[in-house]
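# Fold and geometry: a report
Here is what each chain is made of, one letter per residue.
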Amino acid sequence: MSAVMTIEELRRGLSWRKNLDKVFVVVGLLILMSCLGLLALLFLDLVRDGASRFGWDFLTQFPSRKAERAGILSAWVGTSMIMLVTALVALPVGVAAAIYLEEYAPKNWFTGVIEINVTNLAGVPSIVYGLLALGLFVYKFGFGQSVLAAGLTLALLILPIIIVGTREALRAVPKAIREAAYGLGATRWEVTKDHVLPYSTGGILTGLILGLSRAIGETAPIITIGALSFIAFLPGSPVTSEFPFVNFEWLRSEFTAMPIQIFNWVSRPDQAFQQNAAAAAAILLAMTLAMNAVAIWIRYRFRKKINW
Amino acid sequence: MRKGAFSSLAYRKNRDRVIELVLMAAALVAVFTTLAIVFILLYESSFFFEHVSIKDFLTDTQWTPLFDDAHYGIMPLVSGTLTVTFVALLVAIPLGTIIAIYLSEFSTHRTRETVKPVLELLGAVPTVVYGYFALLMVTPFLQQFMPNLPGFNMLSAGLVIGLMIVPYVASVSEDAMRAVPRYMREGSYAMGATKLQTALRVVVPGAFSGIAAAYILGISRAIGETMVVAIAAGMQPTLTFNPTEPAATITAYIVQVSLGDLPHDSIGYQSIFAAGLVLMLMTLVFNVVGFFLTRKFREAY
Amino acid sequence: MNTNVVHKAETPTLSITMEERKALRATPAKAIAEKLDFWYGTNQALKNINLVIPENQVTALIGPSGCGKSTFLRCFNRMHDLQADTRYSGSIMLHPESVNLVGKDVDPIEVRMRIGMVFQKPNPFPKTVFENVAYGLRLRGFGNRTELAERVEKALRGAAIWDEVKDRLTDSALALSGGQMQRLCIARALATEPEILLFDEPTSALDPIATAKIEELITELRQRVTILIVTHNMQQAARVSDFTAFMYLGELVEVDATSKIFTNPSKKATEDYITGRYG
């Protein structure tokens, strides 16, 4: 028998505490479900609000003063072009930086500075990237309010994501493989090129897709550069019919993008435009979630493929 | 052994050296970006501060740089930012922590494995979409209970931002709690404690610096949030801490100016850099604190 | 635990005649370690090692955990250079050209191209059997398909695994058994015709049958290449090697013909270890 209290007291206190436990489980589950449920509700409402506008016309028309005739053609083309620039810049720079930090960099203060910078940049508000782009790319470098400026800005924004994702992928390659390659007399680059990189591609791809899915929804930086929302033209096509078949004019063109268009339509008091906003937002949301799902799937498949 | 044309050791080593420099240059891009941000903010703000004294900047109660009778007090924007952030934290901290405790200490493995990817997906939703929710769903809903609530207000924006960062706070806190070693929990269970008691008295204190880091980084995100406030809180800089009023945050002001057409050398243009500088300083403080807390937490376990 | 000294009658292969002894003394040296010290940071892991590695013989390094035998082995192919804050002093002279393997002006990569290594846990690349063996050759510039195929076959035969894999050259190396993977790693190292082949506890992760195959292989291979093997299994050292060096706490205590070390060691520390007084 317990010296501190009687068995009855013990049992009473215990059942009180156990009830608290049960209450907490209920509360916790309730809160979790409510948050998820609330968000699901909001998304469904979004789709319902915009449902009337879904259709081929919506995708192929330019914005217009008349809500019923407005479409997102220039918006999604703009978004696609910007994503192309972003990917082409962020992927090489991000992967190269990650390789350097993971395989080459010695453990000294200089490397520490670089790593602190990468972590810090991940926490900088996106609008500050917009200010950087405005002052630097648009004016000092003279790129103007263009697709190129927007792509570069977003590339810098997602650089930390690509670097972190790539480093994780590189780290997953076991040390024993590297040792075996070094033992045969390979140089550091040969070890990286022949053994580490090929087995990291899945992880790198995942990081890239996650980065792009973040970039696709970013509004603040590109508003700051000066994306306009009433663009009734498309930037010139990159492919031309005469030599040299590639054209770079589109990089310097003014543009709009999906998030900008949504922002513009939401801000109008007219309910018809708000429906347009809902439809476009639903499409953007679907694209984002699809990209994330693909990234998660690749990560899952790739982890199963090679068992060391 | 015989050697091929591009395989001599000297060639391979020189190639390696060149490649290493290229890779290092790529890594230095991160440093240059930070330097560029600092430079551009200071540079453009320097022009701003030629016209406006720091004293006025910090103490004037109005922010109207674009009016004829221009005032340049940053406090209205800061008050807007702080109010919205405060509302957001009122939502995110309790909900995020409870969800984290539930996932870490109470839920089954299967529940956790299903919920965590969903939380990850929620963190990926574009903020523009949350802005839409705040303006066109949350505000009308709230207006049913508070008929005097204006169409633009900080309450809706704050609540939605709070909901938006719940997945982040929950995820980071949960990771911190799971890192607390099993033997600490077992010591508590062995004394006859329930799960809740163990969670509150052993796990949460044990994971404290990690949880604090989650909160701090959540604050940093809320401060830097742009689109939700730009859409739902209005763009009227007012010095107020009352969430039922419309107001502008630092981020919303920058958006407002960017939507317009300001000449490159005007003080209006420079004012957004001054505002950006203040924003950067605020988030920097929180990021640095968060960084040290994370490191302290990692070293402990 | 073996508490008896190994007797001549039980293991006749270890007895050594006067003629053999004379022949051994006349064996040329492949490498000579002289006054070798090694530091990890401020911690000195090897102290004044002086050791002759005879050509085309198997030299075993034995000793308790932490005595520095693997550390010493890895000096030969400069694997330590891959870590920060390591320092060598003294020399390991490779003959006949008298190159100091641990010299500051000697390139580690070149050293690794001349000295091969087989690791404790088999670590084939996640590539085909053929590509595993061919990798070292490709690094050296061999691209011609026929020549590669010839050299790969020669290496696989040398590692006594050709018959088992000749029809599976394009299969993944990871599909092989543990013992086969280790023999593949030996083939991979042999393909580049190294001057010394280093074995770092090569059978500690394998079952007894695989172990026996590899020990048999090692005794054959010595005709082609000088072998230095680290093992924590004394019986293996006794079975496989011609010379054995006993190390303790970073120092070389005693080295001699294997038969002598195991029957009549000169130092008490050696005898204590051999007879199992400590592990």
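Quantities reported herein were computed from a predicted structural model and do not represent experimental measurements. (Residues numbered from 1 in each chain as written. Chains lettered and ligands numbered in written order. Predicted model: local features only at pLDDT ≥ 70, side-chain atom pairs only at ≥ 80, totals over all residues.)

## Examining the domain arrangement of chain A
Residue and element names in this part refer to chain A. Basically, it comes down to this: What counts as a domain boundary in this text is fixed by an automatic or database domain assignment. Two residues qualify as being in contact provided that their C-beta atoms, derived from the backbone, are within 7 Å of each other. When residues are sorted by character, Ala, Val, Leu, Ile, Met, Phe, Trp, Tyr, Cys and Pro go into the nonpolar class, Asp, Glu, Lys and Arg into the charged class, and all the rest, Gly among them, into the polar class.
The domain architecture assigned to chain A consists of domain 1 (7-52) and domain 2 (55-305). Between the C-alpha centres of domain 1 and domain 2 the distance comes to 37 Å. Each partner contributes to the interface: domain 1 provides 6 residues, whereas domain 2 provides 6 residues. Residue classes in the side of domain 1 that touches domain 2 are distributed as 3 nonpolar, 2 polar and 1 charged.

## Considerations on the interface of chain A and chain B
Applied cut-off: Here a helix means four or more residues in a row that DSSP labels H or I, a strand means two or more in a row labelled E, and each is numbered from the N terminus.
Chain A puts 70 residues into the contact, and the matching count from chain B is 71 residues. At 17 residues, the largest contribution of residues to the side of chain A that touches chain B is made by helix H1 (residues 7-50) of chain A. The class makeup of the residues in the side of chain A that touches chain B is 47 nonpolar, 17 polar and 6 charged.

## So, unusual backbone geometry
All names here are of chain C. What counts is decided by this rule: Any residue with 12 or fewer other C-beta atoms within 10 Å of its own C-beta is exposed, any with 20 or more is buried, and the rest are partly exposed; the C-beta atoms used are placed from the backbone.
The linkage connecting His-95 with the following residue, Pro-96, adopts the cis geometry, with an omega of 10 degrees. Here Pro-96 is to be found in the loop between strand S4 (86-94) and strand S5 (99-100). A positive phi angle, near 55 degrees, is found at Asn-56, a position not held by glycine. The topology assignment puts Asn-56 in the loop between strand S2 (43-54) and strand S3 (58-62). Given 15 C-beta atoms within 10 Å, Asn-56 falls into the partly exposed group. Its identity is not glycine, yet Arg-78 carries a phi of approximately 55 degrees, on the positive side. Looking at the element boundaries, Arg-78 is found in the loop between helix H2 (69-76) and S4. For Arg-78, a count of 22 C-beta atoms within 10 Å puts it in the buried group.

## Thoughts on the packing of helix H9 (residues 208-224) of chain B against helix H12 (residues 267-300) of chain B
All names here are of chain B. The cut-off we apply is this: Axis angles are defined between N-to-C directions and span 0 to 180 degrees, where every axis is a line fitted to C-alpha atoms and, for a helix, only to the segment in contact. For classification, angles of less than 35 degrees are called roughly parallel, those exceeding 145 degrees roughly antiparallel, those between 65 and 115 degrees roughly perpendicular, and all remaining angles oblique. In this scheme, a crossing is called left-handed if the near helix is turned counterclockwise away from the far one by less than a right angle; it is called right-handed if the turn is clockwise.
At their nearest, the axes of H9 and H12 sit 8 Å apart, and the two run at 160 degrees to each other. As far as their axial angle goes, H12 and H9 are roughly antiparallel. Here H9 and H12 pass one another in a crossing that is left-handed. Residues Ser-209, Gly-210, Ala-212, Ala-213, Ile-216, Leu-217, Ile-219, Ser-220, Ile-223 and Gly-224 of H9 pack against Leu-279, Met-282, Thr-283, Phe-286, Asn-287, Val-289, Gly-290, Leu-293, Thr-294, Lys-296 and Phe-297 of H12.

## Re the sheet that holds S4(C)
Residue and element names in this part refer to chain C. What counts here: If DSSP finds at least two bridges between two strands, the strands pair.
As summarised here, the arrangement of the 4 strands in space is S2-S1-S4-S5, forming an open sheet in which the pairing is antiparallel. Every other strand in the sheet has two partners, leaving S2 and S5 as the edge strands with one partner each. Sheet analysis places S4 next to S5, joined by 2 bridges and oriented antiparallel. The residue bridging Leu-94 from the neighbouring strand is Val-99, located in S5.

## So, the interface of chain C and chain A
Contacts between the two partners involve 18 residues from chain C and, on the opposite side, 16 residues from chain A. Grouping the amino acids of the side of chain C that touches chain A by side-chain chemistry returns 11 nonpolar, 4 polar and 3 charged.

## Thoughts on the nonpolar core
As a reminder of what qualifies: Buried Ala, Val, Leu, Ile, Met, Phe, Trp, Tyr and Cys residues whose C-beta atoms connect them within 7 Å together make up a nonpolar core.
Ranked by size, the top nonpolar core spans 272 residues in total, and within it Ala97(A), Leu159(A), Ala280(A), Ala281(A), Tyr132(B) and Val160(B) carry the most contacts. The dominant element in this core, judged by the number of residues it contributes, is helix H3 (residues 73-104) of chain A, at 18 residues. In this view, Ala281(A) contacts Leu46(A), Gly50(A), Ile262(A), Val128(B), Val129(B) and Tyr132(B); residues no more than four positions away in its chain are not counted.

## Section: the sheet that holds strand S6 (residues 115-118) of chain C
All names here are of chain C. A sheet is described by the order of its strands in space; here 6 strands give the open sequence S6-S7-S8-S3-S9-S10, paired in mixed fashion. One side of each edge strand has no neighbouring strand; the edge strands of this open sheet are S6 and strand S10 (251-257). Pairs of neighbouring strands in the sheet enclose a mean axial angle of 20 degrees, with direction left out of account. In the sheet, S6 pairs with strand S7 (residues 196-200) via 4 bridges, with the strands oriented parallel. Across the sheet, the residue bridging to Val-118 is Phe-199, located in S7.

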